[in-house]
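Chain by chain, the residues:
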Amino acid sequence: MFPPKKGFSNFSILLLFLFATATRSEFRNHPRRSSSLASLQNVINQQANLIQALQSELSATENRLEEVENQLGSRVEALENSDVGNKNQFAVLSSKLSQSVAFTVRFSKDPIPNVGQHAVLKFDSVQFNLGGGYNTGNGIFTAPISGVYAFFLSLMGSWQWSELSLVKDGSVIDSVHVNDETFDQGSLFETIHLDAGQMVWVQHSYGSTAIKGGAWTDFSGFLLKAD
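In this text the structure is predicted, and so the values were computed from the model without any measurement.

Colleague: Can you help me understand the overall build of the protein in this one?
Modeller: In terms of helices and strands, the protein carries two helices and 10 strands. Starting at the N terminus and ending at the C terminus, the protein contains elements arranged as α-α-β-β-β-β-β-β-β-β-β-β. Of all 227 residues assigned to the protein, the portion counted as buried reaches 27%. Long-range pairs, those at least 24 residues apart, make up 70% of the contacts in the protein with a sequence separation of at least 6.

Take a look at the structure:
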């Protein structure tokens, strides 16, 4: 019988070392292992490329969003400015509409024996004076706002030839006259532009200073269109 072995001999250990080394080398050079590593590296490279592409797309999207935000901000600002402009225009329009101007005046007595040679006729009976443009104290209408105005003057004579004129700031615009016939009557209608503060009145021009009063002779005006 052989004696029992108490350990490996040096030769056995050498054989085991050579076998392990050969096995490790074989595993390392195994074609399947190399192929798996190459495939894994390709997957990693593809994922890296995909991540880079996604990052580029994300960056481009952020730039587009920033551009859209800037455009929206500009549009909002433009709309706000437009809204302010519209409010200002509406305020101006409302102001013009609220400043309506119209008047009708006549004499409280009839007849009027003497209006005064070349004098301003002071109509003392106010039928209507919207806007307060007509002054009964001096017989003068003063335009409260600038615009186009219309004026009407009606005259009835007192059996004598007479002429009255419509005057703007001292310049005659038009005239109306009546003959010496019984209850002869004439009238005029004019549209003129007035700046705020300009004045219009009726003045005796020629002939008799006696005229019919009451509703037979009256003076009217109104604002057609504000500037």
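Colleague: Is there a simple way to think about unusual backbone geometry in this case?
Modeller: A negative phi holds for most residues other than glycine; trans holds for most peptide bonds. With omega at -5°, the peptide bond leading from Asp-110 into Pro-111 counts as cis. With respect to the helices and strands, the residue Pro-111 is situated in the loop between strand 1 (102–106) and strand 2 (125–130). Backbone geometry places Trp-159, a non-glycine residue, at a positive phi of 65°. Tracing the backbone through its elements, the reader meets Trp-159 in the loop between strand 5 (147–156) and strand 6 (162–168).

Colleague: I keep staring at the side chain of Lys-212 and nothing clicks. Help me out?
Modeller: With respect to the helices, strands and loops of the structure, Lys-212 is situated in the loop between strand 9 (199–207) and strand 10 (218–226). Separated by 3.0 Å, the side chains of Lys-212 and Asp-110 make a polar contact. Excluding its chain neighbours within four sequence positions, the residues that come into contact with Lys-212 are Asp-110, Met-156, Gly-157, Ser-158, Phe-183 and Thr-217.

Colleague: I'm lost on the sheet that holds strand 2 in this one. Help?
Modeller: Note: strands within a sheet are paired through backbone hydrogen bonds, in either parallel or antiparallel orientation. In space, the five strands of this open sheet follow the order 2-1-10-5-8, with antiparallel pairing throughout. Two strands close off the open sheet at either side, each with one partner strand: strand 2 and strand 8 (185–194). Strand-to-strand twist of the sheet, defined as the mean angle between neighbouring strand axes without regard to direction, takes the value 10°. With eight bridges joining them, strand 5 and strand 10 adopt antiparallel strand pairing. Bridged to Ser-154 within strand 10 is Asp-218.

Colleague: Honestly, the packing of aromatic side chains in this entry has me stumped. Any pointers?
Modeller: In the structure shown here, the tally under the stated rule is 11 aromatic pairs. Judged by centre distance (6.4 Å) and plane angle (55°), the rings of Phe-103 and Phe-151 are tilted. Taken together, the residues span a long stretch of sequence, with Phe-103 in strand 1 and Phe-151 in strand 5 at a distance of 48 residues. On the basis of relative accessibility, which here comes to 0%, the residue Phe-151 falls in the buried class. Plain terms: the ring middles of Phe-103 and Phe-219 are 5.1 Å apart, the flat faces sit at 75° to each other, and that makes the pair edge-to-face. Placement of Phe-103 in strand 1 and of Phe-219 in strand 10 is noted, with a sequence separation of 116 residues between them. In this structure Phe-103 comes out as buried when scored by relative accessible area, which is 2%. A relative accessible area of 0% means that Phe-219 is categorised as buried. Grouping aromatic residues by their ring pairs yields a cluster made of Phe-103, Phe-107, Phe-123, Tyr-134, Phe-141, Tyr-149, Phe-151 and Phe-219.

Colleague: Which parts of the structure should I look at to understand the pairing of strand 5?
Modeller: Within a regular strand, the side chains alternate between the two sheet faces. Of all 10 residues in strand 5, eight are buried; the element is thus mostly enclosed. Pairing analysis gives 10 bridges linking strand 5 to strand 8, with the strands arranged antiparallel. Bridge assignment links Gly-147 to a residue of strand 8, and that residue is Leu-194.

Colleague: Sorry if this is basic, but what is going on with the environment of Val-172 here?
Modeller: Position of Val-172 among the secondary structure elements: in strand 7 (residues 171–178). Taking the C-alpha atoms as reference points, Val-172 and Gln-203, 31 residues apart in sequence, are found 9.1 Å from one another.

Colleague: Is there a simple way to think about the sheet that holds strand 4 (residues 140–142) in this case?
Modeller: Reading across from one edge, 3-4-9-6-7 is the order of the five strands in this open sheet, with antiparallel pairing throughout. Unpaired on one side and paired on the other, strand 3 (134–135) and strand 7 mark the two borders of the sheet. Sheet analysis places strand 3 next to strand 4, joined by two bridges and oriented antiparallel. In the sheet register, Asn-135 faces strand 4, and the bridge partner there is Ile-140.

Colleague: Please clarify how the nonpolar core should be interpreted in this entry.
Modeller: Across soluble globular proteins, nonpolar side chains have a tendency to be buried as a group. The biggest cluster of nonpolar side chains holds 29 residues, and the ones touching the most others in it are Phe-141, Tyr-149, Phe-151 and Phe-219. When residues of this core are traced back to their parent elements, those giving at least two are strand 1, strand 5, strand 6, strand 7, strand 8, strand 9 and strand 10. The element contributing the most residues to this core is strand 5, with four residues. Excluding its chain neighbours within four sequence positions, the residues that come into contact with Tyr-149 are Val-101, Phe-141, Ala-143, Pro-144, Glu-190, Thr-191, Ile-192, Leu-194, Phe-222, Leu-223 and Leu-224.

Rules behind the numbers
- Residues numbered from 1 in each chain as written.
- Predicted model: local features only at pLDDT ≥ 70, side-chain atom pairs only at ≥ 80, totals over all residues.
- Heavy atoms only, no water.
- Helix = DSSP H or I, 4+ residues; strand = E, 2+ residues; numbered from the N terminus.
- Buried < 20%, exposed > 50% of the residue type's maximum accessible area, 1.4 Å probe, protein only.
- Contact = heavy atoms within 4.5 Å.
- Polar contact = N/O pair within 3.5 Å; in protein donor to acceptor, adjacent residues only side chain to side chain.
- Pairing = 2+ DSSP bridges.
- Axes fitted to C-alpha atoms, helices over the stretch in contact; angles between N-to-C directions.
- Phe/Tyr/Trp six-rings, centres within 6.5 Å; stacked < 30°, edge-to-face > 60°.
- Core = buried A, V, L, I, M, F, W, Y, C linked by side-chain atoms within 4.5 Å.

By themselves, these are just geometric observations and shouldn't be taken as functional.
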